[in-house]
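Here's the letter readout for the chains.
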Amino acid sequence: MGEKIKRTHHCGSLTLENTGDDVVLAGWVQTRRDLGGLIFVDLRDRSGMVQVVFSPEYNRQAFEKASEIRSEFVLAVKGRVFKRPEENVNPKIPTGEIEVFADELEILNTAKTPPFPIEDDIKVDESLRLKYRYLDLRRPSMLHNMTFRHKVNKAIRDFLDENGFIEIETPMLTRSTPEGARDFLVPSRLNPGTFYALPQSPQLFKQILMVAGIERYYQITRCFRDEDLRADRQPEFTQLDIEMSFVDVDDVISLNERLIKYVVERTTGRTVEIPFRRITYGEAMEIYGSDKPDTRFGLEMVDVTDIALKTEFKVFSEAARSGGKVKGINIKNSAGLFSRRQIDELVEKAKEFGAKGLAWISLSSEGIKSPIAKFFAREVMEELLERMGAQPGDFLVFVADSDPRLVVTSMGQLRLHLGRHLNLIDKNALNFLWVVEFPLLEWDEEEQRYVAMHHPFTSPMDEDLDLLEEDPGRVRAKAYDLVLNGTELGGGSIRIHRTELQERMFKVLGFTQERAWNNFGFLLRAFEYGTPPHGGIAYGLDRMIMLLLGLNSIRDCIAFPKTQNAACLMTEAPAQVEPRQLKELHIQVTI
RNA sequence: GGCCCAGUAGUUCAGUUGGUUUAGAACGCCAGCCUGUCACGCUGGAGGCCGAGGGUUCGAGUCCCUUCUGGGUCGCCA
């Protein structure tokens, strides 16, 4: 901007109180309305928009120059603020009561016609928005998302700073470790044939920081996982990573409740009640069929396996007898909603979700309608209806299978489908929920061994320690996930801090001592030098911001996101490199 | 890796069982006119390798195959 013309005010900040002020504005041209003898320009900067008037009577020179103006030109305008006459007030914009008469115009830059309009609620293909992301980010809603994200980051830092945490950066170039997601690898030029891995999370470093006596650490940092993308998943994403020493599960949970309350109330103005509800993993699976239940609606699952044993209906009784389960959901007051055809569709859905079938009982005004009723003795049916809390008008669905896990997971998905389909979800609710007491290990069919459900450094619960060798699958962990509206926001655990327990853990995971030291030697060595009890949590920050903003995709709160093919449409990364670069790295491309 | 959806002016879309001229509309863009517009208005104009390649056919935007791109989802994501 030239010497003589320097910004004094922001477009969106002008009000009636500025009437009569001489101002200099700078910004982009939202629209130009050329009436021939009078030109209106809506000038936009980060703060908002204001109408600038170019009139030959006010300043002929500026007026004549204004005919060159086009959309998205960058202008500096010197002028005076006037109150608009009553009939010219525009109630649709915040600055609609005033306008700026221009007496000097400087065109700081011209612009090509943008490929899509710079305004909210545009219908345009997302790939075009991503290619021209700098234009997309000019749209007020995207600017708002970026600003909100900044506020969340700031609130997090304010709270954690006040609570004695220090932010420490950990390396981006680190070593690949087994288990977990696929790593992004970076070749080392100075050490031919070796590779760094980009961190999947700062997990090991933050534990070492506890050994280092930091006591309270946090970091807002990028993490990398080379897995397929989703609406809520990018290959590079941001974590809020926290670790604390001398704490147990309750300490971590209560600090994090205060953190979440602080951040959400600060950034959204909404009220958050703490403590959050807690539910064990076992309960979550039995009642909701999910380890991240959406508790904004009911449709809770009821176990009727014992009743199923008493029926003539083979699907039920045999599932029950062979170690399986039978579970039902009572969809209250909905018998009238399910026509024969809609029932068929629901059965199809259940099959999509893995169930072998779906039994149903409709309690309409004409009495019980159900293809399975004939297999039930009167008193067994009564017991079933009572267990289900069934009233006239209710519609009951049941899934039975000899595989109990299949029953709960398929029904859990069916529950979500019904919740959405029947519009039972309160879109304004913020239902925070802790899921605790996760299994420490799960059996991996492919590898024929136990693998850590969280990670190999997660501490078992004290009362389950004795089961570690004899029945590893039953050991519960000091692990917790924070769930918001059916989405996992973050998770963490109390870690193992004693060498002998860590060695038992590796043994159960099938690691020889040699392999454990090969992969995690640096951590195990650190643990030998006085490791305090410690634990922490990590949040998916993109996801948290997406949910708080009510977005459908994390791409809308990431400035430069990747597509489903993990490409950046703006920079066209990834791309081929010069043969010389590959040679320096001793890398040969074989495709 | 599997399944599903979508690719036609700059943008958003329409385009009939495959068939009539030169593939349309709206918005945007360009030009002219217009002194109170704010979705400015009026008149006129430019703008298309119908994602790409192959096939079927007398004839393909339309049917078939392959492929690319974008999106959703399952697998995957300690």
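Calculation notes
- Residues numbered from 1 in each chain as written.
- Chains lettered and ligands numbered in written order.
- Predicted model: local features only at pLDDT ≥ 70, side-chain atom pairs only at ≥ 80, totals over all residues.
- Heavy atoms only, no water.
- UniProt positions renumbered as here; feature names shortened; annotations may be inferred.
- Helix = DSSP H or I, 4+ residues; strand = E, 2+ residues; numbered from the N terminus.
- Buried < 20%, exposed > 50% of the residue type's maximum accessible area, 1.4 Å probe, protein only.
- Contact = heavy atoms within 4.5 Å.
- Near = heavy atom within 4 Å.
- Polar contact = N/O pair within 3.5 Å; in protein donor to acceptor, adjacent residues only side chain to side chain.
- Pairing = 2+ DSSP bridges.
- Phe/Tyr/Trp six-rings, centres within 6.5 Å; stacked < 30°, edge-to-face > 60°.
- Lys NZ or Arg CZ within 6 Å of the ring centre and 35° of its normal.
- Expected span 1.5 Å × (residues − 1).
- Core = buried A, V, L, I, M, F, W, Y, C linked by side-chain atoms within 4.5 Å.
- Domains from an automatic or database assignment.

Looking at an unreviewed UniProt entry, chain A carries the name Aspartate--tRNA ligase, with the source organism given as Thermosediminibacter litoriperuensis. You can read under Catalytic activity (unreviewed entry) in the UniProt record for chain A the words "tRNA(Asp) + L-aspartate + ATP = L-aspartyl-tRNA(Asp) + AMP + diphosphate".

Trainee: How should I be thinking about the environment of Ala 479 in this particular structure?
Mentor: Note that Ala 479 resides in strand 20 (residues 479-484). Under the relative-accessibility criterion, Ala 479 is labelled buried at 7%. When the C-alpha positions of Ala 479 and Met 381 are compared, they lie 41 Å apart, and in sequence the two are 98 residues distant. Other than its neighbours up to four places away in sequence, Ala 479 contacts Val 435, Val 436, Glu 437, Phe 438, Thr 458, Gly 492 and Ser 493.

Trainee: Just checking my understanding: could you explain the protein's contact with RNA strand B for this structure?
Mentor: Neighbouring RNA strand B are 45 residues, the closest being Asp 34, Glu 57, Glu 99, His 454 and Asn 565. By atom count, sugar and phosphate contribute 50% of the portion of RNA strand B lying within 4 Å of the protein. Between a base nitrogen of RNA strand B and a side-chain N or O atom of Glu 99, the distance comes to 2.5 Å. Contact distances for RNA strand B include 3.4 Å between a sugar or linking oxygen and a backbone N or O atom of Pro 115. At the level of elements, strand 1 (22-34), strand 5 (98-109) and helix 2 (126-131) are the ones that each hand at least two residues to the surface near RNA strand B. It is helix 2 that contributes the most residues to the surface near RNA strand B, three residues altogether.

Trainee: Please clarify how the pairing of strand 19 (residues 449-452) should be interpreted in this entry.
Mentor: As a general feature of sheets, a regular strand has side chains that alternate between the two faces. One ladder, built from four bridges, connects strand 18 (residues 441-444) with strand 19; its direction is antiparallel. Its bridge partner lying in strand 19, Asp 444 is registered against Arg 449. Hairpin connection of strand 18 to strand 19: four residues between the antiparallel strands, including Gln 448 at a positive phi of 55 degrees.

Trainee: What's the story with the packing of aromatic side chains in this structure? I'm lost.
Mentor: The description of an aromatic ring pair uses the distance of the two centres, along with the angle that the planes make with each other. Counting across every chain of the model gives 21 aromatic pairs. The interplanar angle of 25 degrees and the centroid separation of 5.2 Å between the aromatic rings of Phe 313 and Phe 375 together place this pair among those described as stacked. Linking Phe 313 in the loop between helix 8 (305-308) and helix 9 (314-321) with Phe 375 in the loop between strand 15 (367-369) and helix 11 (378-387), this pair joins segments that are 62 residues apart in sequence. By relative accessible area, Phe 375 is classed as partly exposed at 27%. Site record: aromatic cluster; members linked through ring pairs are Phe 313, Phe 316, Phe 375, Phe 376 and Phe 398. In this arrangement the basic side chain of Arg 415 is found over the ring face of Phe 297, its NZ or CZ atom lying 4.1 Å from the centre. One Lys or Arg, Arg 515, reaches over the ring of Phe 511 and ends 4.2 Å from the middle of that ring.

Trainee: How should the sheet that holds strand 9 (residues 216-224) be read in this particular structure?
Mentor: Where strands meet in a sheet, backbone hydrogen bonds hold them as pairs that are either parallel or antiparallel. Taken in spatial order, the eight strands make up an open sheet running 6-9-10-22-21-20-17-11, and their pairing is mixed. Both outer strands of the open sheet, strand 6 (166-167) and strand 11 (277-280), are each paired with one neighbouring strand and no more.

Trainee: Before we go on, may I ask you to explain helix 4 (residues 140-162) in this structure?
Mentor: Structurally, the α-helix is built with 3.6 residues per turn, so residues lying three or four positions apart point the same way. With 23 residues, helix 4 extends 32 Å between its outermost C-alpha atoms, agreeing within 8% with the 33 Å of an ideal straight helix rising 1.5 Å per residue. Where helix 4 is concerned, the buried positions are Met 142, Asn 145, Phe 148, Arg 149, Val 152, Asn 153, Ala 155, Ile 156, Phe 159 and Leu 160. As for helix 4, its buried residues are in contact with helix 2, helix 3 (133-136), strand 9, strand 10 (236-245), helix 6 (249-268) and helix 16 (541-549). Positive backbone phi, at 85 degrees, marks Gly 164, one or two positions downstream of helix 4.

Trainee: What's the story with the nonpolar core in this structure? I'm lost.
Mentor: A general tendency of soluble globular proteins is for nonpolar side chains to be buried together. Judged by nonpolar contacts, the single largest core of 56 residues is most densely connected at Ile 331, Leu 346, Leu 358, Phe 395, Val 397, Leu 414 and Val 435. If you tally residues by element for this core, the top one is helix 15 (residues 513-527), at six residues. Looking at which domains feed residues into this core, each of domain 2 (126-280 + 427-432 + 480-497 + 532-590) and domain 3 (297-422) supplies at least three. Ignoring sequence-local partners within four residues, the contact set of Leu 358 consists of Leu 346, Val 347, Ala 350, Val 397, Phe 398, Val 399 and Leu 414.

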